[in-house]
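Chains, contacts and geometry: an overview
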Amino acid sequence: MPADLAARPTPPKPELYTKDILRLAASLPHADALADADASATRRSPVCGSEMRADVKVENGHLTAIALRGRACAMGQASAAVVGKIAVGRSAEEIADARAALARALIDESGFDGCWPELAVFESARTYPARHAAILLPFDAVLAAMTGND
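Throughout what follows, the structure given in this document is the object of discussion. Since this is a predicted model, take the numbers as computed values, not measurements. For every chain, the first residue of its written sequence is number 1, and the numbers climb from 1 along that sequence. With the structure being a predicted model, the display of local features is reserved for residues of pLDDT at least 70 and the display and counting of side-chain atom pairs for 80 or more, all residues being used for whole-chain, interface and lining totals. Where side-chain values are given, they derive from all heavy atoms of the structure, hydrogens and water being excluded.

Positive phi, normally seen in glycine, also occurs at asparagine 60, with a value near 50°. Exposure categories follow from relative accessible area, calculated using a 1.4 Å probe and restricted to protein chains: below 20% of the type maximum is buried, above 50% is exposed, and the middle band is partly exposed. Judged by relative accessible area, which is 72%, asparagine 60 ranks as exposed.

Let us now look at the nonpolar core. Only buried Ala, Val, Leu, Ile, Met, Phe, Trp, Tyr and Cys residues count toward a nonpolar core, and they belong to the same one when joined by side-chain atoms within 4.5 Å. In terms of nonpolar packing, the biggest core is built from 49 residues, with Ile95, Leu102, Phe122 and Val142 touching the most fellow members. Elements with a minimum of two residues in this core: α2 (19-27), β2 (51-59), β3 (62-71), α3 (74-86), α4 (92-107) and α5 (132-147). In this description a helix means any DSSP run of H or I spanning at least four residues, a strand means any run of E spanning at least two, and both kinds are numbered starting from the N terminus. The greatest single-element share of this core, amounting to eleven residues, is contributed by α5. Those residues in contact with leucine 102 that lie beyond four places of it in its chain are Phe112, Cys115, Leu119, Ile135, Leu136 and Phe139. Only heavy atoms matter for contacts: two residues are in contact if any of them lie within 4.5 Å across the pair.

Bringing the packing of aromatic side chains into the picture now. The pairing test for Phe, Tyr and Trp rings, Trp by its six-membered ring, is centres within 6.5 Å, and the orientation test on the planes gives stacked under 30 degrees, edge-to-face over 60, and tilted for anything in between. Per the counting criterion, the structure on display carries one aromatic pair. Consider the rings of tryptophan 116 and phenylalanine 139, whose centres lie 5.8 Å apart with planes at 40°: the pair is tilted. Pair noted here: tryptophan 116 is in the loop between α4 and α5 and phenylalanine 139 is in helix α5, with a separation of 23 residues, a long-range link. As far as the burial class goes, tryptophan 116 and phenylalanine 139 line up, both buried.

Cysteine sulfur atoms are paired as a disulfide whenever they fall within 2.5 Å. According to the stated counting rule, one finds zero disulfides in the structure shown. Unpaired in this structure, cysteine 48 has its nearest cysteine sulfur neighbour in cysteine 73, at a distance of 5.5 Å.

Turning to the pairing of β3, a few remarks are in order. The side chains of a regular strand alternate, residue by residue, between the two faces of the sheet. Where β2 meets β3, nine bridges bridge the pair, whose relative direction is antiparallel. Considered in β3, the bridge of glutamate 51 is made with arginine 71. Paired strands, as defined in this entry, are two strands with at least two bridges between them according to DSSP. Counting the residues that bridge the hairpin from β2 to β3 gives two residues, and of these asparagine 60 lies at a positive phi of roughly 50°.

Here an axis means a line fitted to C-alpha atoms, over the contact stretch when the element is a helix, while the angle between two N-to-C directions is reported on a 0 to 180 degree scale. At their nearest, the axes of α4 and α5 sit 10 Å apart, and the two run at 165° to each other. By the criterion of interaxial angle, the relationship of α4 to α5 is roughly antiparallel. The way α4 lies across α5 gives a crossing that is left-handed. Where α4 abuts α5, its residues Ala92, Ile95, Ala96, Ala98, Arg99, Leu102, Ala103, Leu106 and Ile107 lie against His132, Ile135, Leu136, Phe139, Asp140, Val142, Leu143, Met146 and Thr147. Our angle categories are set so that under 35 degrees counts as roughly parallel, over 145 as roughly antiparallel, 65 to 115 as roughly perpendicular, and the remainder as oblique. What makes a crossing left-handed is the near helix being turned counterclockwise from the far one by less than a right angle; a clockwise turn instead makes it right-handed.

With respect to the helices and strands, serine 91 occurs in the loop between α3 and α4. What serine 91 contacts, discounting residues up to four positions off in sequence, is Gly61, His62 and Met146.

The N-to-C vectors of α2 and α3 enclose an angle of 70°; their axes lie 7 Å apart at closest approach. Between α2 and α3, the crossing angle belongs to the class labelled roughly perpendicular. Our pair here, α2 against α3, has a crossing hand that is left-handed. In this structure, α2 uses Ile21, Leu22, Leu24, Ala25 and Ser27 to contact α3, whose residues at the interface are Ala74, Met75, Gln77, Ala78, Ala81, Val82 and Lys85. As a working rule, the residues Ala, Val, Leu, Ile, Met, Phe, Trp, Tyr, Cys and Pro are called nonpolar, Asp, Glu, Lys and Arg charged, and the rest polar, with Gly in that last group. Class assignment of the residues belonging to the contact of α2 with α3 gives a composition of nine nonpolar, two polar and one charged.

By secondary structure assignment, the location of alanine 41 is in strand β1 (residues 39-44). Residues alanine 41 and alanine 54 lie 13 residues apart in sequence; the distance between their C-alpha atoms is 5.5 Å.

Right, dumping it as structure tokens:
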């Protein structure tokens, strides 16, 4: 190995599971469900095996109630907690736009400016691409339920 490469230290990766991520993950109810849901959908990440189920109520094209539950890592659970708190009142198009902005932010150095502000908590996951699918999973389950793609 050339001496100049051996002398360069590798910058450390940021801490993945921050206190904010862990707090959000712990706040997600594990048995949350809507008994009178208009629709439900389950999505599974082929990357990590995480699974998320969304029950939704929709009125005039906007989400009026949501319940998310699943088996996922802390990142997926934290993302579900964020989606559960801020998706109500939004249309499927708005949720799809938020998902697309988050997916871009996770791979793009430009940051989370185009995302819902609450999603900036996932900035630490940018250098952990294996976690990106789990973070996007709650969006996918909600969108599938809202659009009938289950």
